[in-house]
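The primary structure of each chain is shown beneath.
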Amino acid sequence: MRNYWFIICLFWGVFASAQEPKEPSQVEPLKNQELELQAYLYYLKSEFVASSQSFELTGYIDAREQGRYPFKFLRNSSGFQLSPQPLDPRFGGLEVRFDAKSMMINSYYSGKGKLWRLAGDETKFRIKNSVVSYHDLSFECLNWLNARWLESSEVEGREARVIELTIDELDQTYSNYSKTKLYIDIKTQALVKIEYFDKTDFLLKRLVIIDVFKQDGYWFPEKIRVEAFDKRSLVLTKVNYIVFEQAQKKLPPAFNE
């Protein structure tokens, strides 16, 4: 599916460049890179948020010594619903909606019998004693419009392409994250790592996708390691895990495929 998506992107880039007068400049390569970038971001939204068929998974957030917190996960063509146990009992489950026309992701939490837009410091939307928050689970950072390719990097011995996404002032009210980096394995085109930074470029949190499986033709993470860093001590302070349980045959980790 990834190869098919990038063939479409490449064809569109060639078609678009053929419609414009050619000049001895860097305009065409830059336009092709921009098309590829936007196509991949759209693909990630449809991969992690929506599915053409409904399916339900169970799982848990493993906060290590603090305990395990089970959740239910229901996904369909419009988005997904996740029913975790938030730190603050006033907040209910998470609902993420994907608008295919606008290519936007909107995240809400349930409370007092209705849905509220997810907004504010991510720490108040964390699940129990874990460092996992609704902001991490919603993938709403994929809406951030300021995107660019960075130089390739190495992730656990494998070469990865890197996308940097920067939040704008309007969306800053919805999260205390200001920038994120997405790491894509060059061989498999799988998203394997996400890093979140604050306004000072300090690394607040890192999500590493360890295991994956395929559901309804889409790749989906089965196990994610969540690493949180403390700004005062500048060290890794906590490691939690997000585990999705499913009945299908398990595929190998993304790095070993």
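Higher on the page you've got the structure.
Counting of residues starts from 1 at the beginning of each chain's written sequence and follows it residue by residue. Given that the model is predicted, a residue must reach a pLDDT of at least 70 before its local features are reported, and side-chain atom pairs must reach 80 or more before they are shown or counted; all residues, however, enter totals for whole chains, interfaces and linings. Only hydrogens and water are set aside when side-chain values are computed; all heavy atoms of the structure are taken into account.

**Topic: the side chain of E95**
So, step 1. Structurally, E95 can be placed in strand β4 (residues 94–99).
So, step 2. Of the residues examined, E95 reaches a relative accessible area of 15% and is grouped as buried.
So, step 3. N or O atoms closer than or at 3.5 Å make up a polar contact, with two conditions inside protein: a donor-capable atom paired with an acceptor-capable one, and, for residues adjacent in sequence, both atoms drawn from side chains. For E95, the side chain forms a polar contact with the side chain of R97, separated by 2.7 Å.
So, step 4. The contacts of E95, once residues within four sequence positions are left out, are F80, Q81, N106, S107, Y108 and L115. Only runs of H or I of at least four residues qualify as helices and only runs of E of at least two qualify as strands under DSSP, and these elements are numbered from the N terminus. The classification of residues rests on relative accessible area computed with a 1.4 Å probe and restricted to protein chains. Under 20% of the type maximum is buried, over 50% is exposed, and intermediate values are partly exposed. Whether two residues are in contact is decided by their heavy atoms, any of which lying within 4.5 Å being enough.

**Some thoughts on the pattern of salt bridges**
So, step 1. Any Lys or Arg side-chain nitrogen located within 4 Å of an Asp or Glu carboxyl oxygen qualifies as a salt bridge. Applying the stated criterion across every chain yields a total of 16 salt bridges.
So, step 2. A salt bridge links R90 to D88; the nearest nitrogen and oxygen atoms lie 2.8 Å apart.
So, step 3. Two residues, D201 and K179, come together in a salt bridge whose shortest N-O distance is 3.1 Å. Of this pair, D201 sits in the loop between β10 (191–197) and β11 (203–215) while K179 sits in strand β9 (residues 179–185), and the two are 22 residues apart along the sequence.
So, step 4. By relative accessible area, K179 is classed as buried at 13%.
So, step 5. Each of the salt bridges in this network shares a partner with another, and the network as a whole consists of K193, E195, R206, R225 and E227.

**Comments concerning unusual backbone geometry**
So, step 1. Backbone geometry at K112 places phi at a positive 55°, although glycine is not the residue there.
So, step 2. Mapped onto the fold, K112 is located in the loop between β5 (104–111) and β6 (114–117).
So, step 3. The backbone phi angle of K128 is positive, close to 45°, even though this residue is not glycine.
So, step 4. Position of K128 relative to the elements: it lies in the loop between β6 and α3 (134–138).

**Observations regarding the environment of V212**
So, step 1. If you trace the backbone, V212 turns up in strand β11.
So, step 2. Overall, V212 belongs to the buried group, its relative accessible area being 6%.

**Some details on the pairing of strand β8 (residues 158–166)**
So, step 1. Think of it this way: DSSP has to see at least two bridges between two strands before they count as a pair. Where strand β7 (residues 146–155) lies against β8, eight bridges are found, and the strand directions are antiparallel. Across the sheet, residue A147 finds its bridge partner in β8, namely L165.

**What to know about the pairing of β9**
Along a regular strand, successive side chains alternate from one face of the sheet to the other.
So, step 1. When you tally the buried positions in β9, you get seven out of seven residues, the bulk of the element.
So, step 2. Side chains of β9 alternate between two faces, with K179, K181, Y183 and D185 and T180, L182 and I184 buried alike.
So, step 3. Sheet topology note: the β8/β9 ladder contains seven bridges and is antiparallel. Paired with E164 across the strands is K181, a residue of β9.

**What about the packing of aromatic side chains?**
So, step 1. Paired rings are identified among Phe, Tyr and Trp, the last through its six-membered ring, by centres lying within 6.5 Å, and are further divided according to the angle between planes into stacked (under 30 degrees), edge-to-face (over 60) and tilted (the rest). For the coordinates displayed, the defined rule picks out 14 aromatic pairs.
So, step 2. Between F48 and F220 the ring centres are 6.5 Å apart and the planes differ by 45°, which places this aromatic pair in the tilted class. Here F48 is found in helix α2 (residues 27–48), whereas its partner F220 is found in strand β12 (residues 218–230), with 172 residues between them in sequence. Side by side, F48 and F220 carry an identical accessibility label, which is buried.
So, step 3. A network of ring pairs unites the aromatic residues F48, F71, F73, F80, F139, F220 and F244 as a single cluster.
So, step 4. Remark: a charge is flagged as sitting over a ring if the NZ atom of Lys or the CZ atom of Arg is within 6 Å of the ring centre and within 35 degrees of the ring normal. A cation sits over an aromatic face here: R97 above Y108, 5.1 Å from the ring centre.
So, step 5. Cation over ring: K193 sits above Y183, and NZ or CZ is 4.2 Å from the ring centre.

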